[in-house]
Amino acid sequence: MEKIPYFGQTLIRWRVGGSTFLALPERGARLMNWNIEMGDGSVRDVIHWPEISSLAEFHKARGGNPILFPFCARSFDRGDVGFWRDAQGVRRPMPTHGLARQGVFGATRIDDGGFETVFVPGVEASASYPFQYEFRVSYRFTAFALACKFTLENLGDEPLPWCAGHHFYFTLPWSDGSTRGDYLIRIPADQRLRQDAAGHLVAGPQLEPVERMDNPALIDTFHTALTRPEAVFGEEGEPGDVAIRLGDGPVPPAGATFVTWTEADNSPFYCVEPWMGPANAPEHGKGLHLVPPGETETFTVSVAVR
């Protein structure tokens with residue numbers, strides 16, 4: 001484990017087997033980059049991180065793994081974007097992807113195997129999500145895999161709503177000379193949905209069990225009603241697939257969703273995002289979890305290269 005100066009902050013670098021992981025834990029609990037040293041001495045980026053010119057660009061950078069909490073993507077209240085309505089009928093603001101990615105975290109553990117942080121709610125969080133809680137993000141790193149666990153503890157006296165997720169920016173393509181169309185993705189979903197302009201869930205595209213990743217129909221699609229907890233993608237006919245697993249058990253958590261997205265045809269990344277449920281969960285209820293007072297709930301995701 002090494003500490004490296006980064007725009008006046010301290011960047012942590014872990015080397016575990018052939019893997020190197022980079023993170024700035026206090027800034028959004030964000031894993032920034034994961035790369036693997038190959039047998040021929042070359043380096044393969046698994047998780048992409050772009051060059052930025054200042055920390056002002058950090059939380060909006062197209063890279064790493066932004067943490068989405070308490071809700072993913074765009075929230076709506078009765079057709080108005082940027083809001084949600086709580087159980088008492090109070091309309092509250094909610095930024096896109098929630099509060100954590102631009103939030104401050106305090107490190108509670110940094111060791112040779114990873115880190116754990118706790119969210120420090122600020123003014124924005126108090127207005128958007130005014131509950132008593134503790135939200136923790138922990139990472140464990142191994143030679144060709146990582147595991148990330150969210151823990152939400154309800155310290156108040158009313159049920160605590162959440163539908164969190166990850167926004168992994170995976171490097172793609174990763175082989176010289178390959179294109180996005182050379183890569184295949186398998187997501188075991190019985191239902192595909194999208195979000196309309198008012199935040200409602202609507203029918204998504206008809207997709208095959210295995211799709212080429214240059215298929216534009218994949219963009220902004222929620223893959224849900226999962227029959228298995230794992231999505232896998234990789235270069236056709238080559239080793240080194242990326243496998244993303246929702247939860248710890250053989251059955252996916254209720255409402256669990258994978259999201260596929262990229263910014264442009266020539267973007268050096270492709271996002272395969274494991275979420276607790278589709279966007280706007282407080283309004284439609286699909287994938288929304290309620291943590292009872294005094295109790296704790298966890299959400300675990302793992303990623304492996306194999």
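The preceding data block contains the structure.
Below you will find a few notes about this structure. Every value quoted in this text rests on a predicted model; they were computed, and no experiment measured them. What you see as residue numbers is a count from 1 along each chain, following the sequence as written. In view of the model being predicted, local features appear only for residues whose pLDDT reaches at least 70, and side-chain atom pairs are presented and counted only at 80 or more, with totals across whole chains, interfaces and linings using the full set of residues. Heavy atoms from the whole structure form the basis of all side-chain values; hydrogens and water molecules are not counted.

The next subject is the overall build of the protein. Per the secondary structure count, the protein includes 2 helices and 28 strands. Just to be clear, the radius of gyration here is over C-alpha atoms, and the globule rule we use is 2.2 Å times residues to the power 0.38. Expected size for 306 residues packed as a compact globule is a radius of gyration near 19 Å; at 19 Å, the protein falls within 12% of this value. If one aligns the C-alpha atoms of the protein with their principal axes, the spans along those axes are about 60 × 45 × 40 Å. Buried residues are those whose accessible area, probed at 1.4 Å on protein chains only, stays under 20% of the maximum for their type, while exposed residues exceed 50% and partly exposed ones sit between those limits. The buried share of the protein, taken over its 306 residues, is 53%. Residue exposure ignores everything except the shown protein chains as possible cover, and the areas themselves are Shrake-Rupley values with a 1.4 Å probe. Taken as a whole, the protein presents about 13000 Å² of accessible surface, with 50% of it coming from carbon and sulfur. Just so you know, the count uses Lys and Arg for positive and Asp and Glu for negative, and it drops His and the chain ends. Taken as the charge location is NZ of Lys, CZ of Arg, CG of Asp or CD of Glu. Charged side chains of the protein number 27 positive and 38 negative; the gap between the two group centres comes to 2 Å. Note on conventions: DSSP H or I runs of at least 4 residues are helices, E runs of at least 2 residues are strands, and numbering of each starts at the N terminus.

This part takes up the pattern of salt bridges. Just to be clear on terms, a salt bridge is a Lys or Arg side-chain nitrogen sitting within 4 Å of an Asp or Glu carboxyl oxygen. For the structure shown, the criterion picks out 14 salt bridges. Here Arg91 ties to Asp80 by a salt bridge, and the two come within 2.7 Å at their closest N and O atoms. Here Arg91 is found in strand E10 (residues 91-93), whereas its partner Asp80 is found in strand E8 (residues 80-81), with 11 residues between them in sequence. Since its relative accessible area comes to 34%, Arg91 is described here as partly exposed. One continuous salt-bridge network, built from bridges that share partners, spans Asp77, Asp80, Arg85 and Arg91.

Before going further, it helps to spend a moment on unusual backbone geometry. A cis amide bond links Phe69 with the next residue in sequence, Pro70, at an omega value of 0 degrees. In this structure, Pro70 sits in the loop between strand E6 (67-68) and strand E7 (76-77). Between Leu172 and the following residue, Pro173, the backbone shows a cis peptide bond with an omega angle of -5 degrees. The phi dihedral of Asp220 is positive, around 60 degrees, even though this residue is not glycine. Phi is positive for Ala225, which is not a glycine, with a value near 50 degrees. If you trace the backbone, Ala225 turns up in strand E22 (residues 221-226). Judged by relative accessible area, which is 34%, Ala225 ranks as partly exposed.

For this analysis, a ring pair means two rings from Phe, Tyr or Trp (six-membered ring only for Trp) whose centres lie within 6.5 Å, classed as stacked if their planes differ by under 30 degrees, edge-to-face if by over 60, and tilted for the remaining angles. One pass over the structure, following the stated rule, counts 33 aromatic pairs. Between Phe69 and Tyr129, the aromatic rings sit 5.6 Å apart at their centres with planes inclined by 80 degrees, giving edge-to-face as the arrangement. Residue Phe69 is found in the loop between E6 and E7, and its partner Tyr129 is found in the loop between helix H1 (123-128) and strand E13 (133-142); the two are separated by 60 residues along the sequence. Exposure class is identical for Phe69 and Tyr129. Each is buried. Summarising the aromatic geometry, the rings of Trp174 and Phe233 are spaced 6.1 Å apart at their centres and angled 50 degrees between planes, so their arrangement reads as tilted. Within this pair, whereas Trp174 is found in the loop between strand E17 (169-171) and strand E18 (183-186), its partner Phe233 is found in strand E23 (residues 230-235), the two being separated by 59 residues in sequence. For the pair shown, Trp174 and Phe233 are each scored as buried. Ring pairs connect the aromatic residues Phe69, Phe71, Trp84, Phe105, Phe119, Tyr129, Phe131, Tyr133, Phe135, Phe150, Trp162 and Phe299, which therefore count as one cluster. The rule is short: NZ of Lys or CZ of Arg within 6 Å of the ring centre and within 35 degrees of the ring normal puts a charge over the ring. Over the face of the ring belonging to Phe58 we find Arg30, whose NZ or CZ atom lies 5.4 Å from the ring centre.

Next up on the list: the state of the cysteines. Two cysteines joined by a covalent bond between their sulfur atoms form a disulfide. The criterion for a disulfide is a pair of cysteine sulfur atoms lying within 2.5 Å. In this structure the tally under the stated criterion is 0 disulfides. In this structure Cys148 is a free cysteine whose sulfur lies 13 Å from that of Cys72, the closest cysteine sulfur available. The exposure class of Cys148 is buried, given its relative accessible area of 0%. As a non-bridged cysteine, Cys163 has Cys72 as the owner of its nearest cysteine sulfur, 5.3 Å distant. A relative accessible area of 1% means that Cys163 is categorised as buried.

Another aspect to go through is the pairing of strand E25 (residues 257-261). If a strand is regular, its side chains alternate between the two faces of the sheet. The buried fraction of E25 is high, at 5 of 5 residues. Residues Thr257, Val259 and Trp261 of E25 are buried on one face, and the alternating residues Phe258 and Thr260, pointing to the opposite face, are buried as well. At least two DSSP bridges between two strands are required for those strands to pair. Bridge count for E22 against E25 is 3 bridges, and the pairing is antiparallel. By the bridge assignment, Thr221 is partnered in E25 with Thr260. Two elements, E25 and strand E26 (residues 269-275), share 5 bridges in a ladder whose sense is antiparallel.

The topology assignment puts Ser302 in strand E28 (residues 296-305). Under the relative-accessibility criterion, Ser302 is labelled partly exposed at 25%. The sequence separation of Ser302 and Arg140 amounts to 162 residues, and the corresponding C-alpha distance is 9.4 Å. Between two residues, a contact is recorded if the distance between any of their heavy atoms is within 4.5 Å. Once you skip the residues sitting within four places of it in the chain, Ser302 turns out to touch Leu146, Ala147, Ala243, Ile244 and Arg245.

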